[in-house]
Amino acid sequence: MTARRTDNPDTGSDQGGLATLSDFRQELYQCLTARPDELFELTEAVLCTDGPVKTLVDLALAPEHRRGHGALYDGLNHGRIEIGRLRRSLAALPLPRAAGGRIVLAADVSPWLRPDAATSPDRSFCHTYGRSEKAKHQMIPGWPYSIVAALETGRTSWTALLDAIRLEPGADLAQVSATQLRQVVERLIEAGQYTDGDPAILIVLDAGYDVPRLAFLLADLPVEVLGRMRSDRVMRRPAPSREEFDRAHPHGGRYPKHGAEFVFGDPATWGDPHAATVTDTTRYGSASAKAWDRLHPILTHRAAWQDYPGDLPLIEGTVIRLQVDHLPSGGDPKPLWLWWSGTAATEADVDRLWQAFLRRFDLEHTFRLLKQTLGWTTPKLRDPHAADTWTWLILAAHTQLRLARNLVHDLRRPWEKPLEATKLTPARVRRGFRNLRTKTPPIARAPKPSRPGPGRPPGSKNRPTPRHEVGLLLVTGALYKRPAHHRKGTKPRRTT
């Protein structure tokens with residue numbers, strides 16, 4: 001089925017946007033330090049091939065890929081990318097901003113599942129969701145990647161990808177995420193994206209992160225941390241003042257460090273909120289948000305805080321409860337609990353925060369595009385370093401789509417509705433990228449003729465590939481190992 005072209009008089013007229021795209025393509029090629037021509041043409045094939053990427057070998061058949069499939073796999077296994085330079089280039093590109101010029105970052109972990117790759121090292125048990133009720137929570141071996149992106153405003157499927165890190169087995173998720181976010185923020189400041197006097201950068205996180213700990217680790221940066229919390233959490237209010245304690249305990253006693261409990265599941269412990277708003281929405285009906293100020297968790301010298309010197313800190317923040325009337329799917333809406341690292345939230349802050357958190361789900365659309373359309377997790381690669389190379393090529397491809405969103409023609413199928421240039425989805429932009437590519441300067445060099453390699457030496461014996469155990473990402477940073485009787489080839493010891 002052929003696509004229908006919708007002419008847009010403004011499309012392609014933005015010479016500044018085309019120059020930005022061309023400059024980034026040149027910079028990407030300079031970041032490829034080994035097998036640059038093959039890796040660049042592989043990225044071109046991802047962007048220009050028709051339909052979703054199903055296999056790597058099919059990319060070798062694209063007209064933009066002028067080399068054979070052997071060069072394709074050789075580029076992934078032996079190619080190198082100067083990731084530090086590419087990260088700085090991504091930070092220097094134009095970024096979407098929220099109201100008031102604020103930068104909103106979202107971080108989340110997306111797994112590259114490799115359940116049958118016993119010969120692939122550095123795999124971890126990744127948490128996934130199954131379709132059935134029995135398989136709702138599954139732990140499947142794979143390579144988890146922590147990805148950071150800048151969010152846009154309004155309903156959209158676009159995000160600006162900034163960084164990706166593969167989590168090693170036994171890594172402390174909070175510590176690795178804090179280091180990653182710190183480096184991203186520092187690169188944004190270095191690139192001039194944030195200056196003194198600008199609104200603080202808002203970092204939005206979903207459940208699974210220790211949000212108060214991340215706020216503590218990033219307290220010296222101009223950032224605010226907002227994350228979802230489980231509905232069974234218990235927070236504490238600030239300790240009463242010395243005068244209030246003396247009046248309540250005239251006979252004296254030990255001065256408390258924490259105040260009364262704030263139980264998420266017990267409304268009797270909430271008290272009056274410090275701020276409350278009601279907003280009418282088109283998809284969820286009435287959205288009611290309530291905020292309670294200066295609430296903190298009780299920390300203990302365990303797990304991540306085991307080696308903390310001295311008294312444990314009090315990490316105060318604002319707890320926000322969001323309740324909507326109904327869901328678009330017709331399900332029963334459950335309250336959403338958020339924790340913000342700031343205090344003294346106004347009604348405008350409450351509305352800004354919960355609306356910014358809803359934009360975090362745009363990152364899920366990006367993950368689906370990377371996996372189902374661009375083929376991020378399609379290759380069956382053995383080496384995790386080759387997986388890192390492929391991951392950064394996919395991030396570079398997505399960035400080129402973002403830069404080309406206002407430059408391509410809308411190639412739509414007859415049954416699809418025409419869209420404005422500013423509302424094109426990443427998949428629609430990808431359809432017209434092949435035509436836009438011809439307007440940019442050629443970069444990769446033409447392949448040189450070569451002879452086939454000598455192949456395998458005669459008489460050589462097979463060498464078995466070593467197999468690797470699967471680790472587990474723990475909050476303590478300890479590496480999980482299977483018990484001895486669960487390992488292959490061993491049996492449990494019988495006791496009498």
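What counts and what doesn't
Residues numbered from 1 in each chain as written. Predicted model: local features only at pLDDT ≥ 70, side-chain atom pairs only at ≥ 80, totals over all residues. Heavy atoms only, no water. Helix = DSSP H or I, 4+ residues; strand = E, 2+ residues; numbered from the N terminus. Rg over C-alpha atoms; globule rule 2.2 N^0.38 Å. Buried < 20%, exposed > 50% of the residue type's maximum accessible area, 1.4 Å probe, protein only. Contact = heavy atoms within 4.5 Å. Areas by Shrake-Rupley, 256 points an atom, 1.4 Å probe, with all protein chains shown as cover. Lys, Arg positive; Asp, Glu negative; His and termini not counted. Charge placed at Lys NZ, Arg CZ, Asp CG, Glu CD. pLDDT = per-residue confidence, 0-100. Pairing = 2+ DSSP bridges. Phe/Tyr/Trp six-rings, centres within 6.5 Å; stacked < 30°, edge-to-face > 60°. Core = buried A, V, L, I, M, F, W, Y, C linked by side-chain atoms within 4.5 Å. Axes fitted to C-alpha atoms, helices over the stretch in contact; angles between N-to-C directions. Parallel < 35°, antiparallel > 145°, perpendicular 65-115°, else oblique. Nonpolar A, V, L, I, M, F, W, Y, C, P; charged D, E, K, R; others polar.

With respect to the overall build of the chain
In step 1: Scanning the chain from terminus to terminus reveals 13 helices and 17 strands.
In step 2: Against the 2.2 N^0.38 benchmark of 23 Å for 496 residues, the chain shows a C-alpha radius of gyration of 26 Å, consistent with a compact globule.
In step 3: The principal-axis extent of the C-alpha atoms belonging to the chain is close to 95 × 80 × 45 Å.
In step 4: Per-residue burial over the chain gives 47% buried out of 496 residues.
In step 5: For the chain, contacts bridging at least 24 residues in sequence account for 68% of all contacts bridging at least 6.
In step 6: Accessible area of the chain: about 26,100 Å², with a carbon and sulfur share of 51%.
In step 7: For the chain, the centre of its 71 positive side-chain charges and the centre of its 55 negative side-chain charges are spaced 10 Å apart.

Overview of the confidence of the model for the chain
In step 1: Looking at the chain as a whole, the pLDDT averages 88, with 90% of positions reaching at least 70.
In step 2: Averaged pLDDT values over the elements of the chain bottom out at 44 in strand β1 (residues 4–6) and peak at 98 in strand β8 (residues 201–205).
In step 3: Every residue in residues 1–13 scores below 50 in pLDDT, and together they form 28 contacts with partners more than four places removed in sequence or on other chains.

A short note on the pairing of strand β4 (residues 104–113)
In step 1: Counting buried positions along β4 yields eight of ten residues, so the element is predominantly enclosed.
In step 2: Pairing of β4 with β8 involves four bridges; the strand directions are parallel. Within β8, the position partnered with Ala-106 by the bridge is Val-204.
In step 3: Summarising the sheet, β4 and strand β6 (residues 138–151) pair through nine bridges and their orientation is antiparallel.

Quick look at the pairing of β6
Regular strands place their side chains on alternate faces of the sheet.
In step 1: Among the 14 residues that make up β6, twelve are buried, leaving the element largely enclosed by the rest of the structure.
In step 2: Strand direction decides the pairing type here: strand β5 (residues 124–128) and β6, joined by five bridges, are antiparallel. Note on β6: the bridge partner recorded for Cys-126 is Ile-140.

Observations concerning the packing of aromatic side chains
In step 1: Scanning the model with the defined rule gives 16 aromatic pairs in all.
In step 2: Seen from their ring centres, Phe-262 and Trp-292 are 5.1 Å apart, and the 55° between their planes marks the pair as tilted. Residue Phe-262 is found in strand β11 (residues 261–263), and its partner Trp-292 is found in strand β13 (residues 285–295); the two are separated by 30 residues along the sequence.
In step 3: When the ring of Phe-264 is compared with that of Trp-337, the centres are 4.3 Å apart and the planes differ by 10°; the resulting orientation is stacked.

Quick word on the nonpolar core
In step 1: In this structure, Leu-59, Leu-76, Leu-105, Leu-188, Phe-262 and Trp-390 are the most contacted members of the largest nonpolar core, which totals 121 residues.
In step 2: For this core, the element with the most residues is helix α11 (residues 384–403), which contributes eleven residues.
In step 3: Those residues within four positions of Leu-76 in sequence are excluded, and the remaining contacts are Leu-39, Leu-42, Leu-56, Leu-381, Ala-386, Thr-389, Trp-390 and Leu-393.

As for unusual backbone geometry
In step 1: A positive phi angle is found at Arg-35, which is not glycine, with a value near 55°.
In step 2: The class for Arg-35 is partly exposed, based on a relative accessible area of 37%.
In step 3: Positive phi, normally seen in glycine, also occurs at Ala-344, with a value near 55°.
In step 4: Locating Ala-344 in the fold gives a position in the loop between β15 (336–340) and α9 (347–358).

With respect to the packing of helix α2 (residues 36–48) against helix α4 (residues 69–78)
In step 1: Where α2 meets α4, the axes come as close as 9 Å, and the angle between the chain directions of the two elements is 105°. Judged by the angle between their axes, α2 and α4 are roughly perpendicular. Here Glu-38, Leu-39 and Leu-42 of α2 lie close against α4, whose contacting residues are Ala-71, Leu-72, Gly-75 and Leu-76.
In step 2: Taken together, the residues of the contact of α2 with α4 sort by class into five nonpolar, one polar and one charged.

A short note on the environment of Val-263
In step 1: Turning to its location among the elements, Val-263 is positioned in strand β11.
In step 2: In contact with Val-263, not counting residues within four places along its chain, are Arg-233, Val-234, Thr-269 and Trp-270.

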